[in-house]
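Notes for the structure review
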Amino acid sequence: MTAAETKKIVKKIKIFRPFFQSGNGKQEEKEFIGEWHKVLKVYDYEDVDHKLDEYFNNGNNYGKIPDIHYLVKYLQTTEQKKTTGGIIVNCPRCGVELPLEEIDKHNSRCSSVSYLCMMSKKYFHQKLNRQKLFDLPDDEFDRKYLAFKKQLENKIPKEEQKELKKIFKEIGG
(Lines give C-alpha, C1' and ligand atoms only; values in the text may rest on other atoms or scores of the structure.)
Protein backbone atom coordinates (compact mmCIF):
# COMPACT_ATOMS: atom_id res chain seq x y z
CA MET A 1 0.00 0.00 0.00
CA THR A 2 1.25 3.44 -0.82
CA ALA A 3 1.20 6.43 1.52
CA ALA A 4 -1.52 7.96 -0.66
CA GLU A 5 -3.64 4.82 -0.21
CA THR A 6 -3.10 4.95 3.55
CA LYS A 7 -4.34 8.53 3.45
CA LYS A 8 -7.46 7.31 1.59
CA ILE A 9 -8.13 4.77 4.34
CA VAL A 10 -7.84 7.44 7.03
CA LYS A 11 -10.07 9.77 5.01
CA LYS A 12 -12.69 7.04 4.64
CA ILE A 13 -12.72 6.53 8.41
CA LYS A 14 -13.22 10.28 8.87
CA ILE A 15 -16.17 10.21 6.46
CA PHE A 16 -17.93 7.42 8.37
CA ARG A 17 -16.78 8.58 11.80
CA PRO A 18 -16.55 12.40 11.69
CA PHE A 19 -15.29 12.48 15.29
CA PHE A 20 -12.21 10.44 14.30
CA GLN A 21 -9.13 12.57 14.95
CA SER A 22 -5.95 12.20 12.93
CA GLY A 23 -4.16 15.18 14.39
CA ASN A 24 -4.64 18.89 14.98
CA GLY A 25 -2.95 20.59 12.10
CA LYS A 26 -1.12 19.50 8.98
CA GLN A 27 2.06 18.36 10.71
CA GLU A 28 0.24 16.18 13.25
CA GLU A 29 -1.93 14.67 10.52
CA LYS A 30 1.16 13.94 8.42
CA GLU A 31 2.76 12.19 11.43
CA PHE A 32 -0.48 10.30 12.13
CA ILE A 33 -0.71 9.03 8.56
CA GLY A 34 2.98 8.16 8.69
CA GLU A 35 2.40 5.95 11.74
CA TRP A 36 -0.59 4.27 10.13
CA HIS A 37 1.42 3.75 6.97
CA LYS A 38 4.14 1.94 8.96
CA VAL A 39 1.54 -0.71 9.76
CA LEU A 40 -0.46 -0.71 6.51
CA LYS A 41 2.35 -0.49 3.94
CA VAL A 42 2.87 -4.27 3.79
CA TYR A 43 -0.79 -4.93 2.91
CA ASP A 44 -2.77 -4.45 -0.28
CA TYR A 45 -5.05 -1.42 -0.29
CA GLU A 46 -8.00 -3.45 -1.60
CA ASP A 47 -7.78 -5.91 1.30
CA VAL A 48 -7.68 -3.21 3.98
CA ASP A 49 -10.44 -1.24 2.26
CA HIS A 50 -12.61 -4.38 2.13
CA LYS A 51 -11.97 -5.06 5.83
CA LEU A 52 -12.92 -1.45 6.60
CA ASP A 53 -16.18 -1.87 4.66
CA GLU A 54 -16.94 -5.03 6.67
CA TYR A 55 -16.27 -3.12 9.87
CA PHE A 56 -18.65 -0.30 8.96
CA ASN A 57 -21.35 -2.75 7.81
CA ASN A 58 -21.27 -4.64 11.12
CA GLY A 59 -24.04 -3.27 13.34
CA ASN A 60 -22.01 -4.05 16.47
CA ASN A 61 -19.49 -1.41 15.36
CA TYR A 62 -21.97 1.43 15.01
CA GLY A 63 -20.32 4.63 16.21
CA LYS A 64 -17.01 2.91 16.95
CA ILE A 65 -13.68 3.79 15.41
CA PRO A 66 -11.82 0.87 13.82
CA ASP A 67 -8.48 0.01 15.35
CA ILE A 68 -5.63 -0.26 12.86
CA HIS A 69 -4.67 -3.70 14.13
CA TYR A 70 -8.25 -4.90 13.69
CA LEU A 71 -8.07 -3.83 10.06
CA VAL A 72 -5.07 -6.04 9.34
CA LYS A 73 -6.07 -8.99 11.52
CA TYR A 74 -6.26 -12.13 9.36
CA LEU A 75 -5.00 -10.25 6.30
CA GLN A 76 -2.04 -11.55 4.36
CA THR A 77 0.77 -9.19 3.52
CA THR A 78 1.61 -8.69 -0.12
CA GLU A 79 4.64 -10.95 0.36
CA GLN A 80 2.60 -13.68 2.04
CA LYS A 81 0.18 -13.65 -0.86
CA LYS A 82 3.07 -14.31 -3.24
CA THR A 83 4.36 -17.28 -1.24
CA THR A 84 1.02 -18.90 -0.35
CA GLY A 85 -0.77 -18.12 -3.55
CA GLY A 86 -3.11 -15.87 -1.60
CA ILE A 87 -5.62 -18.58 -0.81
CA ILE A 88 -8.35 -17.08 1.33
CA VAL A 89 -11.08 -19.19 2.91
CA ASN A 90 -14.22 -18.44 4.88
CA CYS A 91 -14.85 -19.85 8.32
CA PRO A 92 -17.93 -22.08 8.01
CA ARG A 93 -19.10 -21.00 11.47
CA CYS A 94 -18.76 -17.21 11.44
CA GLY A 95 -18.00 -16.45 7.78
CA VAL A 96 -14.82 -14.42 8.39
CA GLU A 97 -12.30 -14.49 5.55
CA LEU A 98 -8.78 -15.54 6.46
CA PRO A 99 -5.66 -17.08 4.92
CA LEU A 100 -5.80 -20.84 4.49
CA GLU A 101 -2.90 -21.45 6.86
CA GLU A 102 -4.76 -19.70 9.71
CA ILE A 103 -8.03 -21.64 9.41
CA ASP A 104 -7.16 -24.36 11.94
CA LYS A 105 -6.23 -21.91 14.68
CA HIS A 106 -9.27 -19.76 13.90
CA ASN A 107 -11.63 -22.77 13.89
CA SER A 108 -10.44 -23.80 17.33
CA ARG A 109 -11.10 -20.35 18.80
CA CYS A 110 -14.30 -19.86 16.82
CA SER A 111 -15.73 -23.15 18.05
CA SER A 112 -14.88 -22.31 21.65
CA VAL A 113 -16.26 -18.78 21.38
CA SER A 114 -19.50 -20.04 19.83
CA TYR A 115 -19.87 -22.59 22.62
CA LEU A 116 -19.24 -20.00 25.33
CA CYS A 117 -21.74 -17.60 23.82
CA MET A 118 -24.41 -20.28 23.40
CA MET A 119 -24.03 -21.72 26.90
CA SER A 120 -23.79 -18.30 28.56
CA LYS A 121 -27.05 -17.26 26.98
CA LYS A 122 -28.75 -20.57 27.77
CA TYR A 123 -27.68 -21.00 31.40
CA PHE A 124 -26.68 -17.54 32.62
CA HIS A 125 -28.98 -15.42 30.41
CA GLN A 126 -26.05 -13.24 29.44
CA LYS A 127 -24.92 -12.33 25.96
CA LEU A 128 -21.13 -12.39 25.54
CA ASN A 129 -19.17 -10.15 23.18
CA ARG A 130 -17.77 -12.52 20.51
CA GLN A 131 -15.20 -10.02 19.26
CA LYS A 132 -13.79 -9.41 22.74
CA LEU A 133 -13.43 -13.16 23.22
CA PHE A 134 -11.63 -13.44 19.87
CA ASP A 135 -9.32 -10.57 20.75
CA LEU A 136 -8.15 -12.06 24.06
CA PRO A 137 -4.60 -13.42 24.16
CA ASP A 138 -4.55 -17.23 24.07
CA ASP A 139 -3.49 -17.70 27.69
CA GLU A 140 -6.16 -15.32 29.01
CA PHE A 141 -8.82 -16.92 26.82
CA ASP A 142 -7.85 -20.37 28.10
CA ARG A 143 -8.12 -19.21 31.73
CA LYS A 144 -11.55 -17.67 31.14
CA TYR A 145 -12.71 -20.73 29.22
CA LEU A 146 -11.75 -23.06 32.07
CA ALA A 147 -13.35 -20.79 34.67
CA PHE A 148 -16.55 -20.70 32.61
CA LYS A 149 -16.46 -24.49 32.28
CA LYS A 150 -16.33 -24.86 36.07
CA GLN A 151 -19.23 -22.44 36.57
CA LEU A 152 -21.21 -24.23 33.90
CA GLU A 153 -20.71 -27.66 35.44
CA ASN A 154 -22.33 -26.36 38.64
CA LYS A 155 -25.23 -24.78 36.77
CA ILE A 156 -26.45 -27.48 34.38
CA PRO A 157 -28.62 -30.50 35.28
CA LYS A 158 -26.80 -33.68 36.34
CA GLU A 159 -27.75 -35.66 33.22
CA GLU A 160 -26.32 -32.95 30.98
CA GLN A 161 -23.14 -32.81 33.08
CA LYS A 162 -22.20 -36.34 32.02
CA GLU A 163 -22.46 -35.41 28.36
CA LEU A 164 -20.59 -32.15 28.95
CA LYS A 165 -17.73 -33.92 30.74
CA LYS A 166 -17.51 -36.39 27.88
CA ILE A 167 -17.28 -33.51 25.36
CA PHE A 168 -14.64 -31.66 27.39
CA LYS A 169 -12.62 -34.88 27.74
CA GLU A 170 -12.73 -35.37 23.95
CA ILE A 171 -11.48 -31.85 23.28
CA GLY A 172 -8.83 -31.99 25.95
CA GLY A 173 -10.45 -29.63 28.44
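1. Overview of helix α2 (residues 26–40)
Across its 15 residues, α2 extends 20 Å between first and last C-alpha, which sits within 8% of the 21 Å expected from 1.5 Å per residue. Every buried residue of α2 is listed here: Ile33, Trp36, His37 and Leu40. Each buried residue of α2 lies within a common arc of 105° when the element is viewed along its axis, so the set occupies one face.

2. Re the environment of Lys158
One can find Lys158 in helix α9 (residues 158–170). Along the backbone, Lys158 and Val10 are 148 residues apart, and their C-alpha atoms lie at a distance of 54 Å.

3. A short note on the packing of helix α1 (residues 3–16) against α2
Interhelical geometry of α1 versus α2 gives an angle of 110° and a closest axis separation of 9 Å. Accordingly, the angle class assigned to the pair α1 and α2 is roughly perpendicular. α1 and α2 meet at a crossing whose hand is right-handed. Along its contact with α1, which presents Ala3, Thr6, Lys7, Ile9, Val10, Ile13 and Lys14, the element α2 presents Glu29, Phe32, Ile33, Trp36, His37 and Leu40. Tallied by class, residues from the contact of α1 with α2 come to 8 nonpolar, 2 polar and 3 charged.

4. With respect to the pattern of salt bridges
In this structure the tally under the stated criterion is 9 salt bridges. One salt bridge in this structure joins Lys105 and Asp138, with 3.8 Å as the shortest N-O distance. With Lys105 in helix α6 (residues 103–124) and Asp138 in helix α8 (residues 138–155), this pair connects stretches of sequence that are 33 residues apart. Judged by relative accessible area, Lys105 falls into the exposed class, the value being 59%. A residue is classified by how much of its surface remains accessible, and Asp138, at 41% relative accessible area, is partly exposed. Among the salt bridges present, the one from Glu140 reaches Lys144, with a minimum N-O distance of 3.9 Å. Of this pair, Glu140 and Lys144 both sit in helix α8, separated by 4 residues, roughly a single helical turn. The class for Lys144 is partly exposed, based on a relative accessible area of 43%. Through salt bridges with shared partners, one network takes in Lys12, Asp49 and Asp53.

Cut-offs applied
- Residues numbered from 1 in each chain as written.
- Predicted model: local features only at pLDDT ≥ 70, side-chain atom pairs only at ≥ 80, totals over all residues.
- Heavy atoms only, no water.
- Helix = DSSP H or I, 4+ residues; strand = E, 2+ residues; numbered from the N terminus.
- Expected span 1.5 Å × (residues − 1).
- Buried < 20%, exposed > 50% of the residue type's maximum accessible area, 1.4 Å probe, protein only.
- Arc of directions from axis to C-beta.
- Axes fitted to C-alpha atoms, helices over the stretch in contact; angles between N-to-C directions.
- Parallel < 35°, antiparallel > 145°, perpendicular 65-115°, else oblique.
- Left-handed = near helix turned anticlockwise from the far one by under 90°.
- Contact = heavy atoms within 4.5 Å.
- Nonpolar A, V, L, I, M, F, W, Y, C, P; charged D, E, K, R; others polar.
- Salt bridge = Lys/Arg side-chain N within 4 Å of Asp/Glu carboxyl O.

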